[in-house]
Amino acid sequence: MTQRSILVTGAGSGIGRATARAFIAAGWRVALAGRREGALRETAGTHDALVLPMDVTDPAQVDSGFALLEAEFGRLDVLFNNAGMSLPGKPIDEIAVEDWLALSNVNITGMFLCARAAFGLMRRQAPQGGRIINNGSISADRPRPGSAPYTMSKHAVTGLTKTLAVDGRRFDIACGQIDIGNAASEMTASFSVGMPQASGEIRPEPVMPVVHVAEAVLHMANLPLDVNVPFMTIMARDMPYLGRG
């Protein structure tokens, strides 16, 4: 095997798009998953990538997408389990239950379904093994004010990462998590204007180019399978993280 393969979920924008393009540039076979086919094709541009329109919350679509990937690539070396969403910051009693269910369906159920499909494929392929990289968040460790749904979901991702890191050992499957803080994307467009702080103040926060996240994921993916980065934190240097709270 000379050309390894990766599936990137949420590949139609932001971190997913930047990461997919970094792997394409590095010579990997890249599969792009997301709900918007047009956005996935924009990510691919003129490059030869496998476009998999897929709603990660739908078990049938996930299974179908992974089946198409297996038929096309023959194997999967890396899953970047990236698809996710956020909600505007509010106290928990102001958050609609419907919004919580929508977020948890993407950030928890979607992560589970894609990890489940990838784990199964990596377990049965020959040679056996692969790597799953989950997109966590700094909120998986230090929450923002008013972020109960998002923070709960990212704590769940950490639980998934830790469990898969243990369960995958006997199948040569590594699992790690990248916790990202203030990467420039659609989700962080308002950060430079002002974000609520634990003190109650509203203050602008620095952001970093998303390419640095893509490079970090590529580094994790390039490690041999007997080496793992269980957790990596990458952030804009001056964002309120170590002093948050």
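Residues numbered from 1 in each chain as written. Predicted model: local features only at pLDDT ≥ 70, side-chain atom pairs only at ≥ 80, totals over all residues. Heavy atoms only, no water.

Novice: What am I meant to see in the environment of Ile234 here?
Specialist: Mapped onto the secondary structure, Ile234 falls in strand E9 (residues 231–235). Separated by 64 residues in sequence, Ile234 and Arg170 place their C-alpha atoms 29 Å apart. If we ignore the near neighbours within four places in the chain, the residues touching Ile234 are Ile178, Asp179, Ile180, Gly181, Met208, His212, Val213 and Ala216. (Helix = DSSP H or I, 4+ residues; strand = E, 2+ residues; numbered from the N terminus. Contact = heavy atoms within 4.5 Å.)

Novice: Explain the pairing of strand E4 (residues 78–81) here, please?
Specialist: In the case of a regular strand, side chains alternate between the two sheet surfaces. Side chains Val78 and Phe80 project from E4 onto one buried face, and the interleaved Leu79 and Asn81 project onto a second face that is buried too. The pairing of strand E1 (residues 5–9) with E4 spans three bridges and is parallel. Paired with Leu7 across the two strands is Leu79, which belongs to E4. The pairing of E4 with strand E5 (residues 130–135) spans four bridges and is classified as parallel. From the neighbouring strand, Val78 faces E5, where its bridge partner is Arg131. (Buried < 20%, exposed > 50% of the residue type's maximum accessible area, 1.4 Å probe, protein only. Pairing = 2+ DSSP bridges.)

Novice: Can you help me understand the nonpolar core in this one?
Specialist: Side chains of nonpolar character tend, in soluble globular proteins, to be buried together. The biggest cluster of nonpolar side chains holds 38 residues, and the ones touching the most others in it are Leu32, Ile178 and Val213. When contributions to this core are tallied by element, the ones reaching two or more residues are E1, helix H1 (14–25), strand E2 (29–34), helix H2 (37–44), E4, strand E6 (173–181), helix H6 (211–222) and E9. Here the element with the most residues in this core is H6; it accounts for seven residues. Look past the residues within four positions of Leu32 in its chain and what remains in contact with it is Leu7, Val8, Ala11, Ala20, Leu40, Thr43, Ala44, Ala49, Leu50, Val51 and Leu52. Judged by nonpolar contacts, the second largest core, of 31 residues, contains Leu50, Leu76, Met122 and Leu164. (Core = buried A, V, L, I, M, F, W, Y, C linked by side-chain atoms within 4.5 Å.)

Novice: Hey, could you run me through unusual backbone geometry in this one?
Specialist: Negative phi values dominate among residues other than glycine, just as trans dominates among peptide bonds. For the peptide bond that leads from Ala126 to Pro127, omega is -5°, which places it in the cis range. Within the secondary structure, Pro127 sits in the loop between helix H4 (97–124) and E5. One non-glycine residue, Asp172, lies in the positive phi region at around 60°. Relative to the elements of secondary structure, Asp172 occurs in the loop between helix H5 (148–167) and E6. Overall, the relative accessible area of 38% leaves Asp172 in the partly exposed class. Here Asn182, not a glycine, exhibits a phi torsion of approximately 65°, which is positive. Within the fold, Asn182 resides in the loop between E6 and strand E7 (195–196).

Novice: Hey, could you run me through the sheet that holds E9 in this one?
Specialist: The strands making up a sheet associate through backbone hydrogen bonding, with each pair oriented either parallel or antiparallel. Overall, parallel pairing links the seven strands, which are arranged E3-E2-E1-E4-E5-E6-E9 in an open sheet. Taken across any chain shown, the strands that pair with only one partner, and hence form the sheet edges, are strand E3 (50–53) and E9. Along the sheet, successive strands turn relative to each other by an average axial angle of 15°, direction set aside. Across five bridges, the pairing between E6 and E9 is parallel. Within the sheet, the bridge partner assigned to Ile180 lies in E9 and is Ile234. Along the sheet, H1 makes contact with E1, E2, E4, E5 and E6, crossing E2 at roughly 165°. Contacts between helix H3 (residues 59–73) and the sheet are confined to E1, E2, E3 and E4, with E3 contributing the most and set at about 165° to the helix. (Axes fitted to C-alpha atoms, helices over the stretch in contact; angles between N-to-C directions.)

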